[in-house]
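# Geometric and topological summary
In case you want the letters, here they are:
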Amino acid sequence: MTAPDREHALAQWIAGQRGDAIGPWQAASSDASFRRYFRIPVDDGALIAMDAPPEHEDARPFVAIATRLRSAGVHVPRVLASDLERGFVLMEDLGAVGFIDRLQGTDADQPLMDAAIASLVHMQAHTPHGDLPGYDAALLRRELDLFPEWYVRRHLGVDPDADWWAAWEMSCRALIDNALAQTRVFVHRDYMARNLMVTTPNPGVLDFQDAVSGPVSYDPICLLRDAFLSWPAQLEDEWLRRYHGAASAAGLPLPEAFDDFRGHADRMAAQRHLKVLGIFARLRHRDGKPDYIADAPRFLDYLARETADYADLTPLRELLQALPAEPRP
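About the criteria used
Residues numbered from 1 in each chain as written. Predicted model: local features only at pLDDT ≥ 70, side-chain atom pairs only at ≥ 80, totals over all residues. Heavy atoms only, no water. Axes fitted to C-alpha atoms, helices over the stretch in contact; angles between N-to-C directions. Helix = DSSP H or I, 4+ residues; strand = E, 2+ residues; numbered from the N terminus. Parallel < 35°, antiparallel > 145°, perpendicular 65-115°, else oblique. Left-handed = near helix turned anticlockwise from the far one by under 90°. Contact = heavy atoms within 4.5 Å. Polar contact = N/O pair within 3.5 Å; in protein donor to acceptor, adjacent residues only side chain to side chain. Salt bridge = Lys/Arg side-chain N within 4 Å of Asp/Glu carboxyl O. Buried < 20%, exposed > 50% of the residue type's maximum accessible area, 1.4 Å probe, protein only. Phe/Tyr/Trp six-rings, centres within 6.5 Å; stacked < 30°, edge-to-face > 60°. Lys NZ or Arg CZ within 6 Å of the ring centre and 35° of its normal. Pairing = 2+ DSSP bridges.

A separate point is the packing of helix H5 (residues 162–180) against helix H8 (residues 258–285). Where H5 meets H8, the closest approach of the two axes is 9 Å, and the angle between their N-to-C directions is 125°. In terms of orientation, H5 and H8 fall into the oblique class. Two packed elements cross with a definite hand, and for H5 against H8 that hand is left-handed. Residues Trp168, Leu175, Asn178 and Ala179 of H5 form the contact with H8, whose own contacting residues are Gly263, His264, Arg267, Met268, Ala270, Gln271 and Leu274.

One can find Arg6 in helix H1 (residues 3–18). One polar contact links the side chain of Arg6 to the main-chain carbonyl oxygen of Arg86, over a distance of 2.6 Å. Once residues lying within four places of it in the same chain are set aside, the contact partners of Arg6 are Met1, Arg36, Asp51, Ala52, Pro53, Pro54, Arg86, Gly87 and Phe88.

Per the counting criterion, the structure on display carries 30 salt bridges. A salt bridge links Arg60 to Asp58; its shortest N-O distance comes to 3.4 Å. Judged by relative accessible area, Arg60 falls into the partly exposed class, the value being 37%. Salt-bridge contacts for Arg189 lead to Glu143; the nearest nitrogen and oxygen are separated by 2.6 Å. Linking Arg189 in the loop between strand E6 (184–187) and strand E7 (196–197) with Glu143 in helix H4 (residues 137–155), this pair joins segments that are 46 residues apart in sequence.

Evaluated as defined, the whole model comprises 14 aromatic pairs. Each ring, one from Trp164 and one from Trp165, has its centre 5.2 Å from the other, and the planes form 85°; the classification is edge-to-face. Here the aromatic rings of Trp164 and Trp168 are separated by 5.8 Å at their centres, their planes lie at 15°, and the arrangement is stacked. In this pair, Trp164 and Trp168 both sit in helix H5, 4 residues apart, roughly one turn of the helix. The two residues Trp164 and Trp168 agree in class, both being buried. Taken together, the aromatic side chains of Phe147, Tyr151, Trp164, Trp165 and Trp168 make up a single cluster linked through ring pairs. Lying across the ring of Phe228, Arg194 places its NZ or CZ 4.5 Å from the centre. The ring of Phe34 carries Lys289 above its face, with NZ or CZ at 5.8 Å from the centroid.

With that settled, the discussion passes to the sheet that holds strand E4 (residues 79–83). Strand order across the open sheet formed by 5 strands is E1-E2-E3-E5-E4, with antiparallel pairing between neighbours. The open sheet has two edge strands, strand E1 (26–29) and E4, and neither has a second partner. In this sheet, adjacent strand axes meet at a mean angle of 30° when their direction is disregarded. Sheet topology note: the strand E3 (residues 45–51)/strand E5 (residues 88–92) ladder contains 5 bridges and is antiparallel. Bridging across to E5, Met50 finds its partner in Val89. Sitting on the sheet, H1 touches strand E2 (36–42), E3, E4 and E5, and the angle it makes with E5 is about 55°.

Put into structure tokens, the structure is as follows:
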């Protein structure tokens, strides 16, 4: 079914659910998936419709995780209706102002970040996760493998030698061991400013459909080392300390010493940032979405910091330094 055909079918479905007229649509947001979101004017305000083509996306996890998070007291959109076979979901509109619009540079809105940290700690402390897919060694490795496949070989055009691959294997083992050693909690997997909305109460949380049971440091580093925003390292560190204190007070079993927790978080961040570089390169070269890879320097800067102080990450630091900064002609 073509995109216009799906939009027509979605409009008919919404009309059947609502029984009232809907106004002209507008795109509500876009992301790296095949999902599309539309803001639907209705008689009493606006709603959000999600179109998730079943051949590419499964709407079931979105609805299931939304129910789970609302039951745990996390502010997520209320699902009003769904047709999971066709990939249609109608939900509450949390507005058009995102945290990404407010958390800019050194003038980032401190109350918003405080709210984001508080909501994250609540989500981790109160959301059941034991029955979710596990962030296990196989998944962590699949994510890491995106980096050499798509960023190094496809994007940079580099065919690494045997020494590079040996260093890569050591690096993967160190990062996977770190992740598996951490306390397991509910993991959103993209808890960052782009997926947090300015609402009452703050924040409104979106894009949670890929949630898993996994390492406690994963979502904090998503928030504080954002894919699309950068802050001074000192400010990141202040916020990470604030998270560590709040999470410990909430009973989450973290290392008592902040420096020990930061070591776990740095290694977890390195795993995520290698994965994201691979995904952004894949979006560019496989999916025809070239804009994301422009943020590659941000992730390389993160990785330089994250690997600087740890002996077990020396192989990773050196193999990254051996790569060209730009694709070869």
